[in-house]
Amino acid sequence: MVDMVTPYEIGHGILRYIIFYPPVYQFVIIPGLIAALVVAIFIIWFERKAAARVQMRYGPYEISPRTGGATQLIADLIRYSFQEIIVPRTVDAVIYFAAPVAAVILSLLPLDAMPLTTNPAFWPIPMDYSLLLAVALMTLSPIFVMAMAWASNNKFSVIGGVRESFIVTAYELVAVLSMLSVAAAMSTYNLVDIVQAQSSGLWFGLLDPLAFLTAFIATLMTTSGFPFEIPDSESEIVAGPYTEYTGLMYGLDMGAAYIKRWVFSVLMALIFLGGWAPYVPGPGFVLGYLVPSLIVSVKALVIMAIMSFLRAVYGRYRIDQALGIGWEILVPLALAAIGIGFAEAYFHVYAYMGVMALAS
Amino acid sequence: MGTEGSQVQSLPGMQVHPLKKNLYEVAIGPAHPGSGHMRILVRVEGDVMVEVDPDIGFVHRTMEKLSEGRDWMKNIPLFERMAILDACNVTLPYVEAVEKLLDVDPPERAKYLRTLLCEINRVASHLYGFGIFGVFLGHSTLYMWAFGDREVFVELAERLTGARLTHTYPMFGGVRRDMPDDFGQHVRKAAAYMRRRLDEYAKIFLLNPNIRSRLEGVGVVSKSRAVELGLAGPNVRASGVRYDVRLAEPYEAYDRVDFEIPIYEEGDSLARAWQRVEEIKQSLSIMEQAVDWLEKHPREGFVHEKFWKTAPPIYKKVYAGEVPYAGKYRVKMIPLYASLKVPAGRSFARTESAHGEITYYVESDGKDVPYRVRLVSGSYRNVIAFKYVMPGHRLADLPAIYGSFDYFPPEWDR
């Protein structure tokens, strides 16, 4: 005899094992796709408003002035989604369509390697080597930007793609080195341990500011933010690798770079800004998962906001200058940051904070 | 890439340049995100430009030919279209050349009024150039600031002439109208504001390490090279050549106002940007001096007696302030201009516009339209520098050099 499955149980099952199943939940809801979308709308609004304040103008204001024109962003988004997608005859159609989709998915993937709570029930994967895994997954998506450029079969796209490849090789290294310096300092790859070690308020960003700085600049660079907006520099090569894309496909291209920046910000919030630090995750879904994840998101949002504000201050560097900054300044700095990490490990800076107790 | 397998068609008038291996041709333009319509064909080897070919004639509008079919007066609005942001400076030599043929010398007051508008235009044009420069380097703040502050000078011009951009202000034998009573205080306020703002520009843009690294040592034009290429305007002065028409051959009231010609020796893109900042400062000083003079002297004659005596009596009452018509002193255009015939002859005049020296050669055969007008503008003389300065630089330097030359496409091709 088979037990009857009630609709309640089905609904509960879908919620429990599909939607709130941590790998799916983190990938799609917080801090994944949906949170990234909300953050995107906020950041674009903030970017426009902050830049407008600097530049002595109003920023978006036409729709609902009381909210500072926030709904205008949603209107923009809808307009983008329903624009006609024009596919040039000369493109390599399969890669042309597949590359942006793959880029978006692979940009989101590292989120599944990041813990947002101490409760193992809400971890998407076992967290023992999560830092290494997260950093490794982050380096996957740039190849698809080059694929987009090549599939577009356009001079500007190819020049943009080549620039992207140069920049990625220079700056992924810096990003990886500076983010791994925390592993040197705390003798662990476990992101949960790393966050727990910072719960005293002594954030790693304060202990090793050099690593934070290099990671910040490298993130700006790999996601083509100002002053390193070089692969899609408008006044030289139209839209770089994205020149032949229109409508929603262009939105995906932009979204991939943007999500990548968001994922980097979340990881930086975990490593350098203490993750959910002042808060101690409690029992249950809300106190144990939702609240800490929101705290991490807010910290990441602050990093994003600072990055987008730089648009109002800087112009863009030339590619050789940017590469020079990368190879000649940032790589040595990142190595120095690792050195600081080793020194901290040698002097047991984190030992008294209970890392060892937690690891044992 | 691209041409493989496809056949190169030969069309009449089409030139086919075979490209060397590893050479890549990129067309900058025809609609560029940072500027007007223009085209520059660039051949790059990797990221380095090896050949730069500004396509002169790409947006040619037959302005010289059009002028041969229009009344003498109607040519002023036509030539304004060449650089509407600098309307007074680019039409003034035409007016001066025709005045030479008519043998009239504008009254002193008109000369000062022309000088005043020329300098307002120069400031507005330099600010426009800065805005475009900002876009080229991805610096949106400078773009917004420069265009926002340019509005101050556009509004000044509107108060003086009634039009924001295409003023058609200098007329044969004078100007179109006198300045309003309160114009002086507006000019002084604008000048004080702009001096303060220029310091802020320097902070955010010219002293910004990011921008400095983009501009320093980029697009260097040495003194001898600048002379050899025949550059004009602020660009030649930024290379250390003390040449300015206002100095070399003073026109209007420039021999009676006190100003300096700033010089920079470096000749790179940064020097050209600083050159414009210094020139704006000088222009502000000239504006203040002109306004001081105009306020001190009585309102007598903004146009030559020869034309003024043909004006209807009501005009004279309006100008005397007895009859208000659309505000004080606002005299309509004197009807004689519409049927003006210029005695046969040839004449030549030049002024210093914001983009460089602009020269007009005017020939009349005594009819109501010119026989021939020939003009050479500042941007036309500057554009050739691209061909010689840019190769060897990276493609990303093209916008930096382009912007630093403050080069204006509609003025290049008339």
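Residues numbered from 1 in each chain as written. Chains lettered and ligands numbered in written order. Predicted model: local features only at pLDDT ≥ 70, side-chain atom pairs only at ≥ 80, totals over all residues.

1. Observations concerning the sheet that holds strand β1 (residues 23-28) of chain B
Residues and elements named next belong to chain B.
Here is step 1 of the chain: Taken together, three strands build an open sheet; the order of strands is β1-β2-β3 and the sheet is antiparallel. Every other strand in the sheet has two partners, leaving β1 and β3 (48-54) as the edge strands with one partner each. For this sheet, the mean angle separating the axes of adjacent strands, direction not counted, is 20°.
Here is step 2 of the chain: Against the sheet, helix α14 (residues 378-389) makes contact with β2 (40-45) and β3, and its axis sits at roughly 155° relative to β3, the strand it touches most. (Pairing = 2+ DSSP bridges. Helix = DSSP H or I, 4+ residues; strand = E, 2+ residues; numbered from the N terminus. Axes fitted to C-alpha atoms, helices over the stretch in contact; angles between N-to-C directions. Contact = placed C-beta atoms within 7 Å.)

2. Focus: the interface of chain A and chain B
Here is step 1 of the chain: Counting residues at the interface gives 23 residues for chain A and 26 residues for chain B.
Here is step 2 of the chain: Among the elements of the structure, α3 (33-54), α12 (234-237) and α15 (319-346) of chain A are those that each provide at least two residues to the side of chain A that touches chain B.
Here is step 3 of the chain: Per-class residue counts for the side of chain A that touches chain B are nine nonpolar, five polar and nine charged. (Nonpolar A, V, L, I, M, F, W, Y, C, P; charged D, E, K, R; others polar.)

3. Some words on the sheet that holds strand β7 (residues 356-364) of chain B
Strands pair in a sheet through their backbones, by hydrogen bonds, and they do so in one of two ways: parallel or antiparallel.
All names here are of chain B.
Here is step 1 of the chain: The strand order across the open sheet built from three strands is β6-β7-β8, with neighbouring strands paired in antiparallel fashion. Two strands in the sheet have a free side with no partner beyond their single neighbour: β6 (345-353) and β8 (372-376). The mean angle between the axes of side-by-side strands here comes to 15°, regardless of whether they run parallel or antiparallel.
Here is step 2 of the chain: Both β7 and β8 contribute to a ladder of five bridges, which runs antiparallel. In the sheet register, tyrosine 361 faces β8, and the bridge partner there is arginine 374.
Here is step 3 of the chain: Strands in contact with α14 are β6, β7 and β8; relative to β7, the strand with the most contacts, it is inclined by about 130°.

4. Focus on the confidence of the model for chain A
Here is step 1 of the chain: Scored by pLDDT, chain A has a mean of 83; 96% of the residues are at 70 or more.
Here is step 2 of the chain: Counting interchain partners and residues more than four positions distant, the pLDDT-below-50 stretch residues 355-360 of chain A has nine contacts. (pLDDT = per-residue confidence, 0-100.)

5. Focus on the packing of helix α11 (residues 209-222) of chain A against α15 of chain A
Residues and elements named next belong to chain A.
Here is step 1 of the chain: Packing of α11 against α15 brings their axes to within 8 Å, and their N-to-C directions diverge by 145°. The two elements α11 and α15 meet at a crossing, and its hand is left-handed. Of the residues in α15, those touching α11 at Leu210, Ala211, Thr214, Ile217, Ala218 and Met221 are Ala322, Gly326, Leu330, Leu333, Ala334, Ala336, Ala337 and Ile340.
Here is step 2 of the chain: Across the contact of α11 with α15, the residue classes tally to 12 nonpolar, two polar and no charged. (Left-handed = near helix turned anticlockwise from the far one by under 90°.)

6. Considering the packing of helix α13 (residues 247-272) of chain A against helix α14 (residues 285-309) of chain A
All names here are of chain A.
Here is step 1 of the chain: Between α13 and α14, the shortest axis-to-axis distance is 8 Å and the interhelical angle comes to 120°. When the axes of α13 and α14 are compared, the pair comes out oblique. Relative to α14, α13 is oriented so that their crossing is right-handed. Residues Arg261, Trp262, Ser265, Val266, Met268, Ala269 and Leu270 of α13 form the contact with α14, whose participating residues are Val296, Lys299, Ala300, Ile303, Met304 and Met307.
Here is step 2 of the chain: Among the residues making up the contact of α13 with α14, the classes are represented as 10 nonpolar, one polar and two charged. (Parallel < 35°, antiparallel > 145°, perpendicular 65-115°, else oblique.)

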